[in-house]
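# Overview (structure and organization)
Read off the chains here:
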Amino acid sequence: MEIIIAKTAGFCFGVKRAVDMAFEYASSQGTYTYGPIIHNEVVIKSLEDKGIKPIETIGDEPVKNLIIRSHGVSPKVYIEGKEKGIAIVDATCPYVKKIHRYVQQYFEKGYGIIIAGNKDHPEIQGINGWANESCFIVKDKEALNELQLEHTNKKYLLVAQTTYKKQVVDEIVGVLKEKGIDFEYINTICNATKERQEEVIEIAKQVDVMLVLGSKKSSNSLKLFELSQRHCDKSYFIGDVSELMSELFSDCEKIGITAGASTPASVIQEVISFLEKITH
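Small disclaimer: the values here were computed from a predicted structure and weren't measured.

## Description of the sheet that holds strand 4 (residues 65-68)
The strand order across the open sheet built from 4 strands is 3-2-4-5, with neighbouring strands paired in parallel fashion. Looking at which strands have only one partner, the edges of the open sheet turn out to be strand 3 (53-55) and strand 5 (87-90). Adjacent strand axes in the sheet meet at a mean angle of 35 degrees, parallel and antiparallel pairs treated alike.

## Here's the deal with the environment of Lys155
Relative to the elements of secondary structure, Lys155 occurs in the loop between helix 6 (141-145) and strand 8 (156-160). For Lys155, a relative accessible area of 42% puts it in the partly exposed group. Separated by 70 residues in the primary sequence, Lys155 and Phe225 place their C-alpha atoms 36 Å from one another. Residue contacts for Lys155: discarding those within four places in its chain leaves Gly110, Tyr111, Gly112 and Asp182.

## Topic: the pairing of strand 6 (residues 112-116)
The buried fraction of strand 6 amounts to 5 of the 5 residues, a majority that puts the element mostly inside the structure. Across the two faces of strand 6 the burial is the same, with Gly112, Ile114 and Ala116 and Ile113 and Ile115 all buried. Pairing analysis gives 5 bridges linking strand 6 to strand 8, with the strands arranged parallel. Bridge pairing in strand 8 places Ala116 opposite Ala160. As paired elements, strand 6 and strand 7 (residues 136-138) share 3 bridges and run parallel to each other. In the strand pairing of strand 7, Ala116 is matched with Val138. Viewed along the sheet, the connection from strand 6 through helix 5 (residues 122-129) into strand 7 turns out right-handed.

## As for the packing of aromatic side chains
The tally for this structure, following the rule as stated, stands at 5 aromatic pairs. Note on Tyr106 and Tyr111: the rings are 4.9 Å apart at their centroids and 85 degrees apart in plane angle, and the pair reads as edge-to-face. Neither Tyr106 nor Tyr111 differs from the other in exposure class; each is buried. Directly above the ring of Tyr106 sits Lys109, whose terminal nitrogen or CZ lies 4.4 Å from the centroid. The side chain of Lys216 reaches across the aromatic face of Phe237, ending 4.7 Å from its centre.

## As for the packing of helix 8 (residues 191-204) against helix 9 (residues 219-231)
Direction vectors running N to C along helix 8 and helix 9 enclose 30 degrees, while the axes themselves pass 9 Å from each other. Taken together, the axes of helix 8 and helix 9 lie roughly parallel to each other. Every pair of crossing elements has a handedness; the one defined by helix 8 and helix 9 is right-handed. Facing Arg196, Gln197, Val200, Ile201 and Ala204 of helix 8, the residues of helix 9 in contact are Asn220, Lys223, Leu224, Leu227, Ser228 and His231. Of the residues that constitute the contact of helix 8 with helix 9, the class distribution is 5 nonpolar, 4 polar and 2 charged.

## Observations concerning the nonpolar core
Core analysis: the biggest nonpolar cluster contains 25 residues, and Leu66, Val77, Val103, Ile113, Ile115 and Leu157 have the highest contact counts within it. Top contributing element to this core by residue count: helix 4 (residues 94-108), with 3 residues. Residues contacting Leu66, with those up to four places away along its chain left out, are Tyr32, Thr33, Tyr34, Ile55, Ile58, Val77, Ile86, Ala87, Ile88 and Val89. By size, the runner-up hydrophobic cluster in this structure holds 19 residues, among which are Ile114, Ala116, Leu158 and Ile172.

## Observations concerning the sheet that holds strand 10 (residues 209-213)
In spatial order, the strands read 1-12-10-11; together these 4 strands make up an open sheet with parallel pairing. Looking at strand neighbours, the two that pair on one side only are strand 1 (2-5) and strand 11 (235-238), the edges of this open sheet. On average, each strand axis in the sheet is inclined to that of its neighbour by 20 degrees, with strand direction left out of account. Bridge count between strand 10 and strand 11: 4 bridges; the pairing is parallel. Within strand 11, the residue paired with Met210 across the bridge is Ser235.

## Thoughts on the environment of Glu108
Along the chain, the position of Glu108 falls in helix 4. For the pair Glu108 and Leu158, spaced 50 residues apart in sequence, the C-alpha separation works out to 15 Å.

Analysis parameters
- Residues numbered from 1 in each chain as written.
- Predicted model: local features only at pLDDT ≥ 70, side-chain atom pairs only at ≥ 80, totals over all residues.
- Heavy atoms only, no water.
- Pairing = 2+ DSSP bridges.
- Helix = DSSP H or I, 4+ residues; strand = E, 2+ residues; numbered from the N terminus.
- Axes fitted to C-alpha atoms, helices over the stretch in contact; angles between N-to-C directions.
- Buried < 20%, exposed > 50% of the residue type's maximum accessible area, 1.4 Å probe, protein only.
- Contact = heavy atoms within 4.5 Å.
- Right-handed = clockwise from strand over helix to strand, strands pointing away.
- Phe/Tyr/Trp six-rings, centres within 6.5 Å; stacked < 30°, edge-to-face > 60°.
- Lys NZ or Arg CZ within 6 Å of the ring centre and 35° of its normal.
- Parallel < 35°, antiparallel > 145°, perpendicular 65-115°, else oblique.
- Left-handed = near helix turned anticlockwise from the far one by under 90°.
- Nonpolar A, V, L, I, M, F, W, Y, C, P; charged D, E, K, R; others polar.
- Core = buried A, V, L, I, M, F, W, Y, C linked by side-chain atoms within 4.5 Å.

Written out as structure tokens, the structure reads:
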């Protein structure tokens, strides 16, 4: 049995940076993350074991250091933290931070802001805050069609969640053009996301079973799974090795493995070790 492991599997730059920053504060009392630092239960548990727990609002705990999650937050969090004398440790992914700057600049120039993404995702909620919670958030072209956007004397900026599918964003761009909307589009999909999505398609086409490792809360992991399903019928979305059974790989010659941007190397290695045991 051959095992093909995606080169792009596992932590992306922004996630590794955030996790490393969080663990630097492992011995500091009164340190919390604003929301889960990343979408992975293994990492969150490791941080909690070191005394660093996530909070959803400032004021719930006696906070000394507040680590901003990789997904970023609204400016209100920075303001409130400063007012309370809390030290802010900003672990926002630099690519997300760039979107914050774009949105703030264009909003201040009077543009309407359209975000392609999932309205319930913390990255989107954070971005929305940089335009005073006024963004139009659309998950796809159908959602865009339901909006009543102004055509006259109104300009828009379109940005996207860093982990969103390029195909969906391209379709939204197409609809905006068809509607004659005056807009600017800045491609904010992370290049690592693009490469990861292209690689999962390439591998899924050649294997009998495809494993996508990641948390069910991870948007980019879910999108990898959705892409994999289109090209490999036996695609499985798993959180860790405990969800695997040897029966899944009977009569299987090639297995593919990829992992979301927030999946730690330890999870990937445990799955590889499991597969090596059942194939020898």
